[in-house]
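Per-entry structural report
The lines below spell out each chain.
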Amino acid sequence: MTEEQKQGFTGRLLKGVAWVSASSWLTRLCGLVTTVILLRQFSLFEYGTYQLVLSLAGLVGLLMITGIDEVFVAEGARLVGANDEQGNLRLGRSYFIFRFVLALAVFGIVRLFGVLLQRWYPADILSLLSVYAWVFLLVPFARIAAYHFSSRRQFRALAAYAFVQEAVKTVLVIGFFYASALTVPTILLLMPASMAITAII
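Predicted, not measured: the structure shown is a model, and the values here were computed from it.

**Thoughts on helix H3 (residues 68-81)**
Between its first and last C-alpha atoms H3 spans 20 Å; for 14 residues at 1.5 Å apiece the expected length is 20 Å, and the two agree. All buried positions along H3 are accounted for by Asp69, Phe72, Gly76, Ala77, Leu79 and Val80. Projected down its long axis, H3 shows its buried positions confined to an angular sector of 160°, all on one face. Across H3 from its buried face, at more than 90 degrees, point the exposed residues Glu70, Val71 and Gly81. Positioned one or two residues after H3, asparagine 83 has a phi angle of 60°, which is positive.

Here you go:
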């Protein structure tokens, strides 16, 4: 690699880091706005219920196999670097199928999880967990978009995608808040809704 190529690579890397960092801060800001609205709207019991559902979903979400995404992205980047676009597309399809089958399994497990926890948790909390389960079915679509941008080193698009998803959720939360229709089931449904809207955009 020549000195000019090294400088070009370093410049692209720094720009990528800058875009991802900016997106991370903006995403956190949107999350803060959402949290402030929820704290204002929900009672202590409602907010506790909301956090409990997220905790239970996070526990089940461990089954989504963390770390596999990085392996696919690294291989996809290698194929793109080798100008093997067809190989990258095949890998992307395999990645999506793998993620979707896994998501279906986790979706079913969440439903089963609700049945198994009936002895320890109220039925309304378990019904909320079933509502949130729809998030898992939409994860593969978000992951394949991230794979597409990451493997091609399109850090600006990757950063924008992450920010838009959180921004859409925040806008929906604000809209439902002013419409006096923001409830725990609603906020849980807004999560998969924001993922779906971002994927369509």
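Having put the structure on the table, let's press on.
**What to know about unusual backbone geometry**
Residue asparagine 83 is not a glycine yet carries a positive backbone phi of 60°. Summarising the element assignment, asparagine 83 is placed in the loop between H3 and helix H4 (85-116).

**Some remarks on the packing of helix H6 (residues 134-151) against helix H7 (residues 155-178)**
One way to put it is that H6 packs onto H7 with a least axis distance of 8 Å and a crossing angle of 155°. Relative to H7, H6 is oriented roughly antiparallel. Across from Phe141, Ala142, Ala145, Ala146, Phe149 and Ser150 in H6, the residues of H7 making contact are Ala157, Leu158, Tyr161 and Gln165.

**Structural notes on H6**
Between its terminal C-alpha atoms H6 stretches 27 Å, which fits the 26 Å expected from 18 residues at 1.5 Å a residue. Those residues of H6 not exposed but buried are Val135, Phe136, Leu137, Val139, Pro140, Ala142, Ala145, Tyr147, Phe149, Ser150 and Ser151. Once H6 ends, the next one or two residues include arginine 153, with phi positive near 55°.

**Looking at the pattern of salt bridges**
For the structure on display, the rule yields three salt bridges. For the salt bridge of glutamate 75 with arginine 78, the shortest nitrogen-to-oxygen distance reads 2.6 Å. Highlighted residues: glutamate 75 and arginine 78, both in helix H3, separated by three residues, approximately one helical turn. For glutamate 75, a relative accessible area of 30% corresponds to the partly exposed category. A salt bridge links glutamate 85 to arginine 152; the nearest nitrogen and oxygen atoms lie 2.3 Å apart. Remark: arginine 152 occurs in the loop between H6 and H7 and glutamate 85 occurs in helix H4; sequence separation between them is 67 residues. According to the relative accessible area criterion, glutamate 85 is partly exposed, its value standing at 35%.

The rules behind each value
Residues numbered from 1 in each chain as written. Predicted model: local features only at pLDDT ≥ 70, side-chain atom pairs only at ≥ 80, totals over all residues. Heavy atoms only, no water. Helix = DSSP H or I, 4+ residues; strand = E, 2+ residues; numbered from the N terminus. Expected span 1.5 Å × (residues − 1). Buried < 20%, exposed > 50% of the residue type's maximum accessible area, 1.4 Å probe, protein only. Arc of directions from axis to C-beta. Axes fitted to C-alpha atoms, helices over the stretch in contact; angles between N-to-C directions. Parallel < 35°, antiparallel > 145°, perpendicular 65-115°, else oblique. Contact = heavy atoms within 4.5 Å. Salt bridge = Lys/Arg side-chain N within 4 Å of Asp/Glu carboxyl O.

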